[in-house]
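Residue-level structural notes
Below, each chain spelled out in residue letters.
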Amino acid sequence: KCDIINMSYGEPTGKPNVGRFPPLATELVKNHKIVFVSSAGNSGPALSTVGAPGGTTKGLISVGAIVTPDMMAVEYSLLERLPEIQFTWSSRGPAQNGALGVNISAPGGAIAPVPNWTLQKNMLMNGTSMSSPNACGGLSLILSALKANKIAYTPFTLRRAIENTARSTGADALTVGNGVLQVAKAFTCMSKTFDASELDYFLDVIIPDRDNAVGLYLREISETSGITETDVKVFPEFFNGVDNKKKIAFELRITLKSTVKWVEAPQNLVLMNGGRTFKVRVDPRDLAPNSHYYGEVHGYDSEYPDKGPIFRLPVTLIKPVQMTGHILKLPPTKFTPGYIKRTFVSVPYGSTWAEITLRASSLETNRLFNFVALQTPPYTTLKTHQEDKYVWLKSNDEWKHQIRLCPGYVVELILGQYWSSLGDSGEVEMIVEFHGLSSSAKEIVIDGTETITRFDLQASLRDEEIKPEGKLLMIRQTIRPEKPGVPRLLSTERDLLPGVENRQISEMILSYKFDQVTITI
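So, here's what we can say about the structure. What you see is a predicted model; the values in this text were computed from it and never measured. (Residues numbered from 1 in each chain as written. Predicted model: local features only at pLDDT ≥ 70, side-chain atom pairs only at ≥ 80, totals over all residues. Heavy atoms only, no water.)

**Quick word on the overall build of the chain**
If you tally the helices and strands in the chain, you get eight helices and 29 strands. Expected size for 521 residues packed as a compact globule is a radius of gyration near 24 Å; at 26 Å, the chain falls within 12% of this value. Its C-alpha atoms put the chain at 75 × 70 × 60 Å along the principal axes. Across the 521 residues that make up the chain, the buried fraction comes to 46%. A sequence separation of at least 24 residues applies to 74% of the contacts in the chain between residues at least 6 apart. Working note: accessible area of the chain is about 28,000 Å², and carbon and sulfur atoms make up 52% of it. Positive and negative side-chain charges in the chain, numbering 55 and 54 respectively, have mean positions lying 4 Å apart. (Helix = DSSP H or I, 4+ residues; strand = E, 2+ residues; numbered from the N terminus. Rg over C-alpha atoms; globule rule 2.2 N^0.38 Å. Buried < 20%, exposed > 50% of the residue type's maximum accessible area, 1.4 Å probe, protein only. Contact = heavy atoms within 4.5 Å. Areas by Shrake-Rupley, 256 points an atom, 1.4 Å probe, with all protein chains shown as cover. Lys, Arg positive; Asp, Glu negative; His and termini not counted. Charge placed at Lys NZ, Arg CZ, Asp CG, Glu CD.)

Structural data, given as structure tokens:
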């Protein structure tokens, strides 16, 4: 039997926990009790950059990447040993469905074996593809010890133990998750808090009126300018084969606690098999703008509080700056290796792009900075609205860059000194100048039947100077398939979708006939 899986690849997604793969991975965890570990992604340091499936699929353990002082000295050969820190590129939470996104963190670099075609035996590699197998190895040690001591477990009791015993690095939860994996403490926790009844079920938490989100994520100005109340549903999911008598008898008394003052929840909840709903209130009115905030609602077993939280509801809130003009001038900031300065701005309506200016002063050495701009409109991936640039700066340098924007949505602007770029003197200033032009046509198409193609431009934010210029880039001609067909694949096991129905997979083959002519202009 397979006990644990590591998967270290992924991609951005605009709809967490949706698609063909997530239910299959969740089935392995829920129905077969397999521990599934996955990389969080390498798209940081902006918030909401965790990838799929690792940071966005329920039931999986998502792992971020840290670098330790010993790694800096031995693996990366730095001139200085800096304090333990998250790699600049390690993806951050939350996921768009409110999930924390990063459950734990582990060392994200290794001198590892590589294929022979590289003409070398080992290579220095880094990424959450290093931290995920590192954590998987640590979890394997825990599973081995549990089996040796005949202590039963489920993927959910293991996950609770590693989250409740993880070591804090001082970074916020959206960066490092619950902390760095602690193998010995997690095993001790599972040994001392073993509860045979938890082998029959696990607890699920959803927010029904937010498309069954697993956490509360308030980002846009319409959500963060007043009080938000929402219903949260908690219910037990029983594993296959559990007797109905146990389901009928199930009753759990839960104590609810909020970790922050701006999130309120009731104190008590009696949970039965059908599930229960309770209200959560978020009041951001006293929170300072231009910052992000994170808290959790914890559920404790009232009879056995030493277990730690038996479920967690993540709550993320971003309080943006509201523009009164079209220029935002940020005060000069002193940077150190790995330091990240975040700015959250509600993009003015009418603004479709902005010009970013960075000005450096008193930098003793040439340093590497990471500039990121990210917006998260619903059902879009981070690739659609993310700008990610690396730039070297020295004293008196000025760097300009233009970014596209979606009006009305919050943009996170990041400037961070790369973790391995040494030096802690000098300052960098950022100026953001918003502009806007909207067109009546997203794409200008010249129809062969018309002599004139009209489109209108509008500048709603401020006066803009334009210099129109046009080029013919593409000609489109519709071609119908000559031989369409949808044949069935061979009826082997790999050509059947898993499940009771064993649905047959077919393929679509479309044959086209056309001539490709090269034209020189």
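**Digging into helix 3 (residues 128-148)**
A rise of 1.5 Å per residue sets the reference length of helix 3, with its 21 residues, at 30 Å; its end C-alpha atoms lie 30 Å apart and thus fit the reference within 8%. Where helix 3 terminates, the next one or two residues include Lys150, which has phi positive at roughly 55°. (Expected span 1.5 Å × (residues − 1).)

**What about the pattern of salt bridges?**
Under the defined criterion, the tally for this structure stands at 29 salt bridges. Between Lys307 and Glu198 there is a salt bridge whose closest N-O contact spans 3.3 Å. Linking Lys307 in the loop between strand 15 (291-301) and strand 16 (311-319) with Glu198 in the loop between helix 6 (183-192) and strand 8 (201-206), this pair joins segments that are 109 residues apart in sequence. Take Lys307 and Glu198: they sit in the same class, and that class is buried. (Salt bridge = Lys/Arg side-chain N within 4 Å of Asp/Glu carboxyl O.)

**Describing the sheet that holds strand 20 (residues 353-361)**
Pairing in this open sheet of four strands is antiparallel, and the strands run 18-25-20-23 from one edge to the other. Only two strands of the sheet have a single neighbouring strand rather than two, namely strand 18 (327-334) and strand 23 (398-404). Within the sheet, the average angular offset between the axes of one strand and its neighbour, ignoring direction, is 15°. (Pairing = 2+ DSSP bridges. Axes fitted to C-alpha atoms, helices over the stretch in contact; angles between N-to-C directions.)

**Some remarks on a nonpolar patch on the surface**
On the surface, Leu437, Ile444, Ile446, Phe455, Leu457, Ile466 and Leu472 cluster together into a nonpolar patch covering about 670 Å² of accessible area. As for its placement among the helices and strands, Ile444 is situated in the loop between strand 26 (438-439) and strand 27 (457-458). (Patch = residues over 30% accessible without salt bridge, like charges linked within 9 Å, V, L, I, M, F, W, Y side chains within 5 Å.)

**Some words on the sheet that holds strand 24 (residues 410-417)**
Spatially, 17-19-24-21-22 is the arrangement adopted by the five strands of the open sheet, whose pairing is mixed. Looking along the sheet, the strands with just one partner apiece sit at the ends: strand 17 (321-322) and strand 22 (386-393). Pairing of strand 17 with strand 19 (residues 340-346), which is carried by two bridges, proceeds in the parallel orientation. Looking across to strand 19, one finds that Val321 is bridged to Val345.

**Description of the packing of aromatic side chains**
Scanning the model with the defined rule gives 17 aromatic pairs in all. Aromatic side chains Tyr201 and Phe238 sit 5.9 Å apart centroid to centroid with 50° between the ring planes, which places their arrangement in the tilted category. Here Tyr201, found in strand 8, pairs with Phe238, found in strand 10 (residues 228-238); they are 37 residues apart in sequence, far enough to count as distant. Grouping residues by exposure puts Tyr201 and Phe238 together as buried. Plain terms: the ring middles of Trp262 and Tyr293 are 6.3 Å apart, the flat faces sit at 70° to each other, and that makes the pair edge-to-face. Residue Trp262 is located in the loop between strand 11 (251-258) and strand 12 (263-264), and its partner Tyr293 is located in strand 15; the two are separated by 31 residues in the primary sequence. Each of the two residues, Trp262 as well as Tyr293, counts as buried. Following the ring pairs from residue to residue traces out a cluster consisting of Tyr76, Phe87, Trp89, Tyr390, Tyr418 and Trp419. Over the ring of Phe239 we find Lys33; its NZ or CZ atom is 4.4 Å from the centre of that ring. Sitting above the plane of the Tyr300 ring, Lys257 keeps its charged end 5.4 Å from the centroid. (Phe/Tyr/Trp six-rings, centres within 6.5 Å; stacked < 30°, edge-to-face > 60°. Lys NZ or Arg CZ within 6 Å of the ring centre and 35° of its normal.)

**Regarding the packing of helix 4 (residues 155-165) against helix 6**
Two quantities define a packed helix pair, namely the angle between the axes and the distance from one axis to the other. The geometry of helix 4 relative to helix 6 is characterised by a closest axis approach of 8 Å and an angle of 125° between their N-to-C directions. Regarding the angle of helix 4 to helix 6, the classification is oblique. Once helix 4 is placed against helix 6, the crossing between them reads as right-handed. Taken together, the residues of helix 6 that come into contact with helix 4 (itself represented by Thr157, Leu158, Ala161, Ile162 and Thr165) are Lys185, Ala186, Cys189 and Met190. Counted by class, the contact of helix 4 with helix 6 contains six nonpolar, two polar and one charged residues. (Parallel < 35°, antiparallel > 145°, perpendicular 65-115°, else oblique. Left-handed = near helix turned anticlockwise from the far one by under 90°. Nonpolar A, V, L, I, M, F, W, Y, C, P; charged D, E, K, R; others polar.)

**Brief notes about the side chain of Thr26**
Within the element layout of this structure, Thr26 appears in helix 1 (residues 21-32). Not counting the four nearest positions on each side in its chain, Thr26 is found in contact with Asn31, Thr57 and Lys58.

**Quick look at the environment of Phe21**
Looking at the secondary structure, you find Phe21 in helix 1. On the basis of relative accessibility, which here comes to 32%, the residue Phe21 falls in the partly exposed class. For the pair Phe21 and Ala52, spaced 31 residues apart in the sequence, the C-alpha separation amounts to 9.6 Å.

**A look at the environment of Asn240**
Turning to its location among the elements, Asn240 is positioned in the loop between strand 10 and helix 8 (244-249). Here the alpha-carbon distance between Asn240 and Asp447, two residues 207 residues apart in the chain, equals 61 Å.

**Points about the side chain of Glu429**
When you line up the elements, Glu429 lands in strand 25 (residues 427-435). If sequence neighbours within four positions are ignored, Glu429 has contacts with Lys329, Leu330, Pro332, Thr357, Leu358 and Arg359.

**Some points on helix 6**
Along helix 6, the positions that sit buried rather than exposed are Ala186, Cys189 and Met190. End-on, the buried residues of helix 6 take up no more than an arc of 95°, which puts them together on one face. Summarising the geometry of helix 6, the exposed residues directed more than 90 degrees from the buried face are Ala184, Lys185 and Lys192. Elements that come into contact with the buried residues of helix 6 comprise helix 3 and helix 4. (Arc of directions from axis to C-beta.)

**So, the pairing of strand 21 (residues 367-374)**
Note on strand geometry: in a regular strand, side chains alternate between the two faces of the sheet. Most of strand 21 is tucked away, with eight of its eight residues classed as buried. Where strand 21 and strand 22 come together, eight bridges link them in antiparallel fashion. Bridging across to strand 22, Phe369 finds its partner in Val391.

**Points about unusual backbone geometry**
Following Ala52, the chain continues to Pro53 via a peptide bond in cis, the omega torsion being 5°. At the junction of Gly93 and Pro94, the peptide bond is cis and its omega measures out at -5° in the coordinates. Position of Pro94 among the secondary structure elements: in the loop between strand 4 (85-86) and strand 5 (104-107). Positive phi, normally seen in glycine, also occurs at Asp211, with a value near 60°. Mapped onto the secondary structure, Asp211 falls in the loop between strand 8 and strand 9 (216-218). Even without being glycine, Tyr379 reaches a positive phi, approximately 60°. Assignment of secondary structure puts Tyr379 in the loop between strand 21 and strand 22. On the accessibility criterion, Tyr379 (62% relative accessible area) is exposed.

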